[in-house]
Amino acid sequence: MGDFKEAKTFFKDILKDYPDNKTAQLCLGRATGLSGNPDEATAIFEGLLEQYPQDFEIKLNYAESLLWNKKYIDAKSYYQGLLKENDQSFPAVLGYANTLSNLKEYPQAQDYINRALVIDPWQS
């Protein structure tokens, strides 16, 4: 397992020299959320979405941050929008399955797990 607090420090340092680096900002958001600060991570991704509203990768990370925050109802509707945008995205389909599972909607969650495995059978 990674040291997300150390990663958070690393990406903050990178952003001092390259404040507009989208990849470093995205990585900072992930490191922040995975180190136990999901509210702060969601705020980072919200800021990125303001800058890059069409960036699907940022949208996926924002959706995942909703799960870190246990905002499952919000995540469900957000993932539904992502699936309308790209229903062949493995991370979007699996993230939606994870959301449904957290909402205890197990038959639907299993259906989306199966869909994800059709998209990328190498993930099993």
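Residues numbered from 1 in each chain as written. Predicted model: local features only at pLDDT ≥ 70, side-chain atom pairs only at ≥ 80, totals over all residues. Heavy atoms only, no water.

Engineer: I keep staring at the packing of aromatic side chains and nothing clicks. Help me out?
Structural biologist: Two numbers describe a pair of aromatic rings. These are the distance of the centres and the angle of the planes. Considering all chains together, one arrives at four aromatic pairs under this definition. Taking 5.0 Å as the distance between ring centres and 80° as the angle between the ring planes, the aromatic pair formed by Phe-10 and Phe-11 counts as edge-to-face. Overall, Phe-11 belongs to the buried group, its relative accessible area being 19%. Pairing Tyr-62 with Tyr-78 gives two aromatic rings, centres 4.8 Å apart and planes at 70°, and the pair type is edge-to-face. (Phe/Tyr/Trp six-rings, centres within 6.5 Å; stacked < 30°, edge-to-face > 60°. Buried < 20%, exposed > 50% of the residue type's maximum accessible area, 1.4 Å probe, protein only.)

Engineer: Explanation requested: the environment of Ala-41 in the structure shown.
Structural biologist: Examined against the element boundaries, Ala-41 turns out to sit in helix α3 (residues 38-51). Take Ala-41: its relative accessible area is 0%, and that puts it in the buried class. Between the alpha carbons of Ala-41 and Tyr-62 there is a distance of 8.2 Å; along the sequence they are 21 residues apart. Those residues within four positions of Ala-41 in sequence are excluded, and the remaining contacts are Gly-29, Thr-32, Gly-33 and Trp-68. (Helix = DSSP H or I, 4+ residues; strand = E, 2+ residues; numbered from the N terminus. Contact = heavy atoms within 4.5 Å.)

Function cannot be read off these values alone, since they describe shape.
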